[in-house]
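Close look at the chain arrangement
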Amino acid sequence: MKSCLIVDDSKVIRTVARRILEKLNFEIEEAADGKAALEACKRHMPDAILLDWNMPVMSGIEFLRELRANVAGGGTPVVVFCTTENDLSHIQEAIGAGANEYIMKPFDSAILETKLAQTGLL
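A quick note: this is a predicted structure, and the numbers were derived from the prediction, not measured. (Residues numbered from 1 in each chain as written. Predicted model: local features only at pLDDT ≥ 70, side-chain atom pairs only at ≥ 80, totals over all residues. Heavy atoms only, no water.)

1. Quick look at the state of the cysteines
Rules: Cysteine sulfur atoms are paired as a disulfide whenever they fall within 2.5 Å. Classification of residues uses two cut-offs on accessible area relative to the type maximum, computed with a 1.4 Å probe and protein chains only: under 20% is buried, over 50% is exposed, and between them is partly exposed.
In the structure shown here, the tally under the stated rule is 0 disulfides. Looking at C4, it has no disulfide partner, and the nearest cysteine sulfur is the one in C41, 10 Å off. In this structure C4 comes out as buried when scored by relative accessible area, which is 4%.

Put into structure tokens, the structure is as follows:
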């Protein structure tokens, strides 16, 4: 079973994403900020990370840079940014930092399933 870490400070978004991903047979872990997400990755590196940009403690882009710079033997997860930041500069920054895909909020199951399929996870 594939695993996904959902990183978002919104409990509602985490719940919606969890329901979609569980229907796609993913094992789910959640984190409310980038720092908690890094700690989760140190315990168990997921196959995929669904990542928000704007969060307290450590933002999504800070988390992604840290993850890509320091990934240690646990594999390289597919990272899908899922955010309201939809201007070209944010998208380019995310891809440049190592994001595999980028989707806008709000999202639905079809959008998420398509992006995961494009990354080879489905």
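2. Let's talk about the packing of helix α3 (residues 60-70) against helix α4 (residues 88-97)
Here is the rule: All axes here are fitted lines through C-alpha atoms, helices being fitted over the stretch that makes contact, and every angle between N-to-C directions spans 0 to 180 degrees. To qualify as a helix, a DSSP run of H or I must reach at least 4 residues; to qualify as a strand, a run of E must reach at least 2; elements of each kind are numbered from the N terminus. Every angle not falling under 35 degrees, over 145, or within 65 to 115 is termed oblique; those three ranges are roughly parallel, roughly antiparallel and roughly perpendicular. By definition, any crossing whose near helix is turned counterclockwise from its far helix by less than a right angle is left-handed, and any crossing with a clockwise turn is right-handed. Contact definition: two residues touch when any of their heavy atoms are within 4.5 Å. Here the nonpolar group is Ala, Val, Leu, Ile, Met, Phe, Trp, Tyr, Cys and Pro; Asp, Glu, Lys and Arg are the charged ones; every other residue, Gly included, is treated as polar.
Interaxial distance between α3 and α4 falls to 9 Å at its minimum, and their mutual angle equals 20°. The angle between α3 and α4 falls in the class roughly parallel. The handedness of the crossing between α3 and α4 comes out as left-handed. Counting all contacts with α3, which are made through I61, L64, R65 and R68, the residues of α4 involved are E93, A94 and A97. In terms of residue class, the contact of α3 with α4 is made up of 4 nonpolar, no polar and 3 charged.

3. Details of the sheet that holds strand β3 (residues 48-51)
Using the following cut-off: By definition, two strands form a pair when at least two bridges between them are found by DSSP.
Reading across the sheet, the 5 strands line up as β2-β1-β3-β4-β5 and stay open at both edges, with parallel pairing between neighbours. Edge positions in the open sheet fall to β2 (26-31) and β5 (101-104), since each of these has one partner strand only. Across this sheet, the average inter-strand angle for adjacent strands is 20°, counted without regard to direction. Examined bridge by bridge, strand β1 (residues 2-7) and β3 share 4 bridges and lie parallel to one another. In the strand pairing of β3, C4 is matched with A48.

4. Description of helix α5 (residues 109-118)
What counts here: By arc we mean the arc of the directions from the helix axis to the C-beta atoms, nothing more. Polar contacts here mean pairs of N or O atoms no more than 3.5 Å apart (in protein, one a potential hydrogen donor and the other a potential acceptor; neighbouring residues in sequence count only if both atoms are side-chain atoms).
For α5, every residue scored as buried is listed here: L112, K115 and L116. An end-on view of α5 places all buried positions within 100° of arc, on one side of the element. Where α5 starts, the residue carrying a side-chain oxygen 3.1 Å from the main-chain nitrogen of A110 turns out to be D108.

5. Comments concerning the nonpolar core
Nonpolar side chains in soluble globular proteins generally cluster together in the buried interior. Rule in force here: What makes a nonpolar core is a set of buried Ala, Val, Leu, Ile, Met, Phe, Trp, Tyr and Cys residues whose side-chain atoms join them at distances within 4.5 Å.
Formed by 23 residues in total, the largest nonpolar core has its most connected members in L5, V7, I49, L51, F63, L67 and F81. Among the elements of the structure, β1, α2 (34-43), β3, α3, β4 (78-83) and α4 are those that each provide at least two residues to this core. Not counting the four nearest positions on each side in its chain, L5 is found in contact with E29, E30, A31, A37, A40, C41, P46, A48, I49 and L50. Formed by 18 residues, the second largest nonpolar core is a distinct cluster that contains F26, I28, L112 and L121.

6. Here we look at α4
Three- or four-residue spacings in an α-helix give side chains the same orientation, since the helix completes a turn every 3.6 residues. Listed as buried for α4 are H90, A94 and A97. One side of α4 carries all its buried residues, which in axial view fall inside an arc of 70°. Projecting away from the buried face of α4 at angles above 90 degrees are the exposed residues L88, Q92 and G96. Downstream of α4 by a residue or two, G98 has a phi angle that is positive, lying close to 120°.

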